[in-house]
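# What the coordinates show
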Amino acid sequence: MRRRFIIATTIISIILCLSLLGYSVYAHLNQSFSVSNTIGFNPSQNVYVSLECSVKGAKQLQITDIPDGYTSIEEYFEDMGFIHTEEFDIEDKKLNRTQVLQNWQIKESLKFIDYDTPIIYTIKVYNYSDMAIRISVSEYVTSTKFFINTPSKSLVIE
């Protein structure tokens, strides 16, 4: 009787170990990580700009078919926030008003394509001011255990 109990518990232990090993392999192969954020723009007084913002390297940007309810892929990308533009309004400059720029809101969490493909945010700034302006990135997380931010250094646009 004792021998049967030892054999049965040994077999059950082996089965539990193998199932735990199988589950851990499955979990490792099916990991997911996504990025979502809102990017704000705060121009100083007498600074007038246009912005072209875009995201590259996300799984959502690999679609080829137009989603239901949209007339083009570009319209879908703009609605989801993968593309964002801010146009310069000459009236702000004529009336000496501070330009108000909308936050860039990406509505979905961005999913990485694979381990080797980074997600890249691109912000093109066009200067319509009467002076040179300095562009810089502030208040961001430089790195954590999971990701690294590497914004470009501040630059001057004539």
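Notes on the structure in this doc start here. Being a predicted model, the structure only gives us computed values, none of them experimental.

## Some remarks on the overall build of the chain
If you tally the helices and strands in the chain, you get three helices and nine strands. In the chain, the succession of helices and strands from N to C terminus is α-β-β-β-α-β-α-β-β-β-β-β. Buried residues in the chain amount to 20% of all 158 residues. Within the chain, contacts between residues at least 6 apart in sequence are counted, and of these 71% link residues at least 24 apart. Per element, the accessible surface of the chain, about 12,200 Å² overall, is 55% carbon and sulfur.

## Here's the deal with helix α2 (residues 73–80)
Within α2, burial applies to Ile73, Tyr76, Phe77 and Met80. The buried residues of α2 occupy an angular sector of 100° when the element is viewed end-on, so they sit on one face. Looking at the buried side of α2, the elements it contacts are β4 (83–86) and β5 (104–105). Following α2 by one or two positions, Gly81 adopts a phi angle in the positive range, close to 95°.

## Focus: the packing of aromatic side chains
For any pair of aromatic rings, geometry is given as the distance between the ring centres together with the angle between the planes. On inspection of all chains with the given rule, the structure shows seven aromatic pairs. Measuring from ring centre to ring centre gives 6.3 Å for Tyr76 and Phe82, while their planes differ by 70°; the resulting arrangement is edge-to-face. In terms of burial, Tyr76 and Phe82 fall into one category: buried. Here the aromatic rings of Phe77 and Phe82 are separated by 5.8 Å at their centres, their planes lie at 70°, and the arrangement is edge-to-face. Assigned by exposure class, Phe77 and Phe82 land together as buried. An aromatic cluster is present here, built from Tyr70, Tyr76, Phe77 and Phe82 joined pairwise through their rings.

## Considering the pattern of salt bridges
Enumeration according to the criterion identifies four salt bridges in this entry. Between Lys94 and Glu91 there is a salt bridge, and its shortest N-O distance comes to 4.0 Å. Taken as a pair, Lys94 and Glu91 lie in helix α3 (residues 90–94) at a separation of three residues, close to a single helical turn. Residue Lys94 is classed as exposed on the basis of its relative accessible area of 59%.

Rules used in this analysis
- Residues numbered from 1 in each chain as written.
- Predicted model: local features only at pLDDT ≥ 70, side-chain atom pairs only at ≥ 80, totals over all residues.
- Heavy atoms only, no water.
- Helix = DSSP H or I, 4+ residues; strand = E, 2+ residues; numbered from the N terminus.
- Buried < 20%, exposed > 50% of the residue type's maximum accessible area, 1.4 Å probe, protein only.
- Contact = heavy atoms within 4.5 Å.
- Areas by Shrake-Rupley, 256 points an atom, 1.4 Å probe, with all protein chains shown as cover.
- Arc of directions from axis to C-beta.
- Phe/Tyr/Trp six-rings, centres within 6.5 Å; stacked < 30°, edge-to-face > 60°.
- Salt bridge = Lys/Arg side-chain N within 4 Å of Asp/Glu carboxyl O.

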